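# A look at the structure
The residues making up each chain are set out below.
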Amino acid sequence: MRAILLALAAATTLAACESGTTTTGNGVRVYRISAAKTSTIQYRMLDSVNELRAAAGAGPMQLNSKLNAAAATHAKDMSVQNRPWHFGSDGSSPLDRARRVGFTGTYLGETISETFESELQTLSAWMADPNTRRIIMDPRGRNMGFSWHQERNGKIWWVLEVGT
């Protein structure tokens, strides 16, 4: 547990150094993401998740393009619905969305967030919650999808998918 907390603290510190952070007129810190940073952010999240999993004795995960697609679709849909929840505007569940994109492994779970914070700050919040932590740290996990949708005002809808 101590190693996990140290790794998480280091990752959060790195996120605070990200040059894409701005402050609005009302003092809200906004993490801005350019399209050019997509793979950088996805791999930074993957590396951070795998460090946490290694510290807990769980095997590494790899990015899965199909789960990335399911995550991207849901992130955009949550923005349209203007609420963070696990059901799509068409009534779809996380499992439905994973199957629609052709994911054939065992689907293990989804973590979501609505925030102005970076991916590593979001990971820190997910790790602090027992329900989302359980999904991320599931020892059966081998495939991860991670994506987001950022609104013009800076709000980010993060989605992380886990499967075997």
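### Brief notes about the sheet that holds strand β5 (residues 143-150)
One open sheet accounts for four strands, arranged β3-β5-β6-β4; its pairing is mixed. Whereas interior strands pair on both sides, the edge strands pair on one side only; in this sheet they are β3 (62-63) and β4 (107-115). Relative to strand β6 (residues 156-163), β4 runs antiparallel, the two being bridged by eight bridges. Directly across from T111, in β6, lies its bridge partner L160. Its contacts with the sheet place helix α3 (residues 65-81) against β3, β4, β5 and β6, and it is angled at close to 30° to β5. Packed on one face of the sheet, helix α5 (residues 119-128) meets β4, β5 and β6 and runs near 120° to β4.

### Notes on the pattern of salt bridges
Considering all chains together, one arrives at five salt bridges under this definition. The closest approach of N and O atoms between R44 and E119, which form a salt bridge, is 2.5 Å. Here R44 is found in helix α2 (residues 38-55), whereas its partner E119 is found in helix α5, with 75 residues between them in sequence. For E119, a relative accessible area of 1% translates into the label buried. The residue D90 makes a salt bridge to R100 at a minimum N-O spacing of 2.8 Å.

### Examining the environment of G105
If you trace the backbone, G105 turns up in the loop between α4 (94-100) and β4. Counting along the chain gives 38 residues from G105 to N143, while the straight-line C-alpha distance between them is 8.6 Å. When sequence neighbours within four positions are dropped, the list of residues in contact with G105 reads R99 and T164.

### Quick look at the packing of α2 against α5
At a closest axis distance of 10 Å, the pairing of α2 and α5 adopts a crossing angle of 30°. Two packed elements cross with a definite hand, and for α2 against α5 that hand is right-handed. Taken together, the residues of α5 that come into contact with α2 (itself represented by I41, R44, M45, S48, V49 and L52) are E119, L120, L123, W126 and M127. A breakdown of the residues in the contact of α2 with α5 according to their chemical character gives eight nonpolar, one polar and two charged.

### Re the pairing of β5
Counting buried residues in β5 gives seven out of eight residues, a clear majority hidden from the surface. When β3 meets β5, the two strands line up parallel, connected through two bridges. What sits directly across from Q62, in β5, is N143. Pairing of β5 with β6, which is carried by eight bridges, proceeds in the antiparallel orientation. Paired with G145 across the two strands is E161, which belongs to β6.

### Describing the side chain of N64
Here N64 shows up in the loop between β3 and α3. Since its relative accessible area comes to 15%, N64 is described here as buried. A distance of 2.9 Å separates the side chain of N64 from the backbone nitrogen of K66, its partner in a polar contact. The residues touching N64, leaving out its near neighbours within four places in the chain, are F103, N143, M144 and G145.

Criteria and thresholds
Residues numbered from 1 in each chain as written. Predicted model: local features only at pLDDT ≥ 70, side-chain atom pairs only at ≥ 80, totals over all residues. Heavy atoms only, no water. Pairing = 2+ DSSP bridges. Helix = DSSP H or I, 4+ residues; strand = E, 2+ residues; numbered from the N terminus. Contact = heavy atoms within 4.5 Å. Axes fitted to C-alpha atoms, helices over the stretch in contact; angles between N-to-C directions. Salt bridge = Lys/Arg side-chain N within 4 Å of Asp/Glu carboxyl O. Buried < 20%, exposed > 50% of the residue type's maximum accessible area, 1.4 Å probe, protein only. Left-handed = near helix turned anticlockwise from the far one by under 90°. Nonpolar A, V, L, I, M, F, W, Y, C, P; charged D, E, K, R; others polar. Polar contact = N/O pair within 3.5 Å; in protein donor to acceptor, adjacent residues only side chain to side chain.

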